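# Architecture at a glance
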Amino acid sequence: MMNFKNPEDVEFSSFQGAQECNQASAFGGDFDSFGHSCFTHYGCPSEMSDRTGRGRGGATSSTSRIPRCAQSPRQIPVAHSPRSNYSFRPLFHERSSQEDDSVLTQQLWKLARKSGTLNLSNKALARVPERLYDINEADTESKAVNLEQLTIKEEDAWWNQVPLNNLDLSSNTLTHISPKIENLQSLTVLTLHDNALVKLPPEIGKLEKLMRLNVSHNKLSQLPREIYSLPELRHLNISYNGFTEIDPDISDLHMLEFLDGGHNNIQTLPGGIGFLVRLTALLLPYNHVKELPPDLVNMRSLQKIDLMQNDLTSLPEDMGLLRKLECLYLQHNDILELPDFEGNETLSELHASNNFIKTIPKAMCSNLPHLKILDLRDNKITELPDELCLLRNLNRLDVSNNTISVLPVTLSSLAHLISLQVEGNPIKMIRRDILQCGTTRILKTLHERALAKSKEEGGGSDGAFSLGGISVTRLRGGQADDGDMPGNFPDRYKLRHTRTLAVNLEELTEVPDQVFQIAKNEGVHVVDFARNQLSTLPNGLQHMRNLVTELVLSNNLIGYVPQFISQFTRITYLNLSNNLLSDLPKEFGVLNTLRELSIANNRFQFIPNCVYELQGLEILIASENHIKMLNVSGLQSMPRLSTLDLRNNDIDAVPPILGNLTNITHLELVGNPFRQPRHQILMKGTDAIMSYLRDRIPT
């Protein structure tokens, strides 16, 4: 006898079945023939065994499946729902103190106790774990262990643990630091950048061993005065905050060596800033500083000043008192004129683009013998002085987008000038097609005109001619035509003043020993014979083996390097580019003081093994050769190598293990015939190349 349901029950059952189906679909679930969710988003495999029993070969394998949202038979209520005990946690929610405390796991705790370093960066912390402030105290567990346990695992004993000295809390969401920070008395490095800090506790001033403090990328507008009493603080970074001024008490940080206050709203600098006599780097870009205090020049240790994107109109006249200054950045200000820089002999980079400069001081050219980069683009300059030829080490000159109509022919005497940017000027003395050909063609044209001008003035092509008021004697084989050393060569006063022996573009095939003997007596330590016709290193160089720190022999005809190069015990820079070299002597590897080596544009088919023995080498330029392979094992033996330039060689494969050389921060591989990495990756820079290579290391 058939048993029919009440119509109301049927309607209610259909509605309930549809509702259950919708709920299952919402969570990615499915229903079996009995209406149970067999697998949901939260995972409930318990019902799958029920379905498996009716699968292939089962007694009920022919049972058809009930379609979704169809009425299912009445079911006995299940006592425990698969999701009844699930506690749903939204992806975005306010962090609780328990969550923050759980970040400091027991493993991290023990590691920090052993190494003295704790890294909690990028952990989404809203609060510093409270337990952290007691990390220097011996915990109960460590004290409670007995002697037998210590014998088995003695490294966990409290007396073998190191106080915390390096704490990294960067890239979190911290809004404040607890006053308990004073408990970490042993801290030497405290990193708090990329948080949401509004203020710092005064108790930081009690961290008397603190040497580095980084609070950049926060919301700070001032520092507690107690920070300025830190006796050992050497590195302070307050960039990317909301500071409007620098507290005058900063002059009390007598040990400070590095100060970065860029990307704030600083308008004035305190008068006492000159007391920071140990400061080597002052970085204040992207502020609104209008004037520099007079005592700035008392900071005699300064090597780098960055004041780009400010509101400066002038510089102190006595900038020359900063005798150690190497890099000066003044882009995007309102500067009207440059000082003479008398005394700034070590200055190597001067960036003053996007200002209102009208003239280049002639005295400045004679006062900067080691200047390599001069950037004066986007100014109001109308004329270039002939005295620019006195910048003998100049590598890059950018005067684009000015109102210059004539280029001085003396520019052709700059032997190291590899980049001359003059576009955007109304130059009429040189055809436009020549200007578009680039630096080499422009300098060649200027050199031809300089020789023609010399002939017109009565000087022969082999005789003496004047460039910018400076008499230059052309030597034949290192001697004058009459066989004697010319009376004005070398100029002893100039050697003594610049400590540089530079003879370029003179077609020299050899140099008399007497020249190097005079240079030695005058204390010369920079020797430059670029752009001549030398076939090897002059023998007289041996007289200066204990003095030379920089040796430039580029653009010659050098085919081999003699063994006595190994006697140069103080050399840090060696330029042998644009020669005919195919190998280096094995004794070359003993030059432990060498920091930069350029062998570009030669005939090397491989990097000589002696180069891999240079433990102090930081920069290796080997582009424009015929190098066919990379010796990664050799490169691994150079721990300080940071720049490797191998452009335009014959390398057909790049080993993936090259990506493990994390000390290399600048890698150039463009212009080689290998297929991988592709050109698009090479254009993204070193980080992209190294990451690509690491991903392809076989596991």
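Residues numbered from 1 in each chain as written. Predicted model: local features only at pLDDT ≥ 70, side-chain atom pairs only at ≥ 80, totals over all residues. Heavy atoms only, no water.

The protein appears in an unreviewed UniProt entry as Leucine-rich repeat-containing protein 40 isoform X3 from Drosophila rhopaloa.

### Observations regarding the overall build of the protein
Counting its secondary structure elements, the protein contains 14 helices and 23 strands. Here the protein holds 699 residues, and the buried ones make up 46% of them. (Helix = DSSP H or I, 4+ residues; strand = E, 2+ residues; numbered from the N terminus. Buried < 20%, exposed > 50% of the residue type's maximum accessible area, 1.4 Å probe, protein only.)

### Some points on the sheet that holds strand β16 (residues 500-502)
In spatial order, the strands read β16-β17-β18-β19-β20-β21-β22-β23; together these eight strands make up an open sheet with parallel pairing. Bordering the open sheet on either side are β16 and β23 (666-668), each of which pairs with just one other strand. Taking each pair of neighbouring strands and ignoring which way they run, the sheet shows an average axis angle of 5°. Pairing analysis gives three bridges linking strand β18 (residues 550-552) to strand β19 (residues 573-575), with the strands arranged parallel. (Pairing = 2+ DSSP bridges. Axes fitted to C-alpha atoms, helices over the stretch in contact; angles between N-to-C directions.)

### As for the confidence of the model for the protein
Confidence in the prediction for the protein averages 82 pLDDT; 79% of positions are at 70 or higher. When the criterion is pLDDT under 50, residues 1-66 qualifies, and its contacts beyond four places in sequence or with other chains add up to 65 contacts. Across residues 460-488, where pLDDT falls below 50, the model places 53 contacts with residues more than four positions away in sequence or in other chains. (pLDDT = per-residue confidence, 0-100. Contact = heavy atoms within 4.5 Å.)

### A closer look at helix α9 (residues 439-456)
Helix length check: α9, at 18 residues, gives a terminal C-alpha distance of 26 Å against a target of 26 Å (1.5 Å per residue), a fit within 8%. If you check which residues of α9 are buried, you get Thr 439, Ile 442, Leu 443, Thr 445, Leu 446, Ala 450 and Ser 454. (Expected span 1.5 Å × (residues − 1).)

### Thoughts on the packing of aromatic side chains
Under the defined criterion, the tally for this structure stands at two aromatic pairs. For the pair Phe 516 and Phe 529, a centre-to-centre distance of 5.8 Å together with 50° between the ring planes defines the contact as tilted. Note that Phe 516 is positioned in helix α11 (residues 513-521) and Phe 529 in the loop between β17 (526-528) and β18, a separation of 13 residues in sequence. Across this residue pair, the class does not change: Phe 516 and Phe 529 are buried. Geometry around Trp 109 places Arg 131 over its ring, the cationic atom sitting 3.9 Å from the centre. Note that Arg 696 overlies the ring of Tyr 692, its terminal NZ or CZ placed 3.6 Å from the centroid. (Phe/Tyr/Trp six-rings, centres within 6.5 Å; stacked < 30°, edge-to-face > 60°. Lys NZ or Arg CZ within 6 Å of the ring centre and 35° of its normal.)

### Considering the nonpolar core
Residues Leu 328, Phe 341, Leu 350 and Leu 407 are the most contacted members of the largest nonpolar core, which totals 99 residues. Broken down by secondary-structure element, the contributors of at least two residues to this core are α4 (106-115), α7 (362-367) and α9. In this view, Leu 350 contacts Leu 328, Leu 330, Leu 338, Phe 341, Met 364, Leu 371, Ile 373, Leu 374 and Asp 375; residues no more than four positions away in its chain are not counted. Counting residues in hydrophobic clusters, the runner-up holds 65 residues, among them Met 544, Ile 565, Ile 627 and Leu 644. (Core = buried A, V, L, I, M, F, W, Y, C linked by side-chain atoms within 4.5 Å.)

### Quick look at the layout of surface pockets
There is about 1,600 Å³ of room inside the largest pocket. Along the wall of the largest pocket there are 44 residues; nearest its centre are Asn 395, His 416, Ile 418, Tyr 573 and Asn 575. Broken down by element, the lining of the largest pocket gets its largest block of residues, five residues, from α9. Residues of the lining of the largest pocket, tallied by class, amount to 14 nonpolar, 20 polar and ten charged. Two domains each donate at least three residues to the lining of the largest pocket, and these are domain 1 (312-453) and domain 2 (492-695). (1 Å grid on protein atoms, 1.4 Å probe; cavity = no way out; pocket = protein on both sides within 12 Å on 5 of 7 lines; lining within 4 Å. Points joined across faces, edges and corners; volume = space filled by probe spheres on them. Nonpolar A, V, L, I, M, F, W, Y, C, P; charged D, E, K, R; others polar. Domains from an automatic or database assignment.)

### Side note on helix α14 (residues 686-694)
Buried residues of α14: Thr 686, Ile 689, Met 690, Tyr 692 and Leu 693, and no others. An end-on view of α14 places all buried positions within 160° of arc, on one side of the element. Looking at the packing, one finds that the buried side of α14 touches β23 and α13 (679-682). (Arc of directions from axis to C-beta.)

### Some details on the side chain of Ser 301
The topology assignment puts Ser 301 in the loop between β7 (281-283) and β8 (304-306). By relative accessible area, which is 19% here, Ser 301 ends up buried. Of the polar contacts made by the side chain of Ser 301, one reaches the backbone oxygen of Val 277; its length is 2.8 Å. Filtering out sequence-adjacent residues up to four positions away, Ser 301 remains in contact with Val 277, Arg 278, Leu 279, Thr 280 and Lys 324. (Polar contact = N/O pair within 3.5 Å; in protein donor to acceptor, adjacent residues only side chain to side chain.)

### Digging into a negative patch on the surface
Taken together, the side chains of Glu 317, Asp 318, Glu 337, Asp 340 and Glu 342 define an acidic patch exposed on the protein surface. With respect to the element layout, Glu 317 can be found in the loop between β8 and β9 (327-329). The class of Glu 317 is exposed, set by a relative accessible area of 62%. (Patch = residues over 30% accessible without salt bridge, like charges linked within 9 Å, V, L, I, M, F, W, Y side chains within 5 Å. Areas by Shrake-Rupley, 256 points an atom, 1.4 Å probe, with all protein chains shown as cover. Salt bridge = Lys/Arg side-chain N within 4 Å of Asp/Glu carboxyl O. Lys, Arg positive; Asp, Glu negative; His and termini not counted. Charge placed at Lys NZ, Arg CZ, Asp CG, Glu CD.)

### Side note on the pattern of salt bridges
Within this structure, the stated rule accounts for 13 salt bridges. Across the salt bridge formed by Asp 375 and Arg 377, the nearest N and O atoms sit 2.2 Å from each other. Notably, a salt bridge pairs Asp 398 with Arg 377, separated by 3.9 Å at the nearest N-O pair. Taken together, the residues Asp 398 in strand β12 (residues 396-398) and Arg 377 in the loop between β11 (373-375) and β12 connect sequence positions 21 residues apart.

### Re unusual backbone geometry
Look at the link from Gln 676 to Pro 677: it is a cis peptide, with omega at 0°. Along the chain, Pro 677 falls in the loop between β23 and α13. Phi is positive for Asn 354, close to 55°, though the residue is something other than glycine. Positive phi values are uncommon outside glycine, yet Glu 507 reaches one of about 55°. Position of Glu 507 relative to the elements: it lies in the loop between β16 and α11.

### Section: the environment of Ile 434
Structurally, Ile 434 is set in helix α8 (residues 432-437). Given the relative accessible area of 5%, Ile 434 is considered buried. Considering only alpha carbons, one finds Ile 434 and Lys 444, ten residues apart in sequence, at a separation of 9.9 Å. Those residues in contact with Ile 434 that sit more than four places away from it in its chain are Arg 441, Ile 442 and Thr 445.

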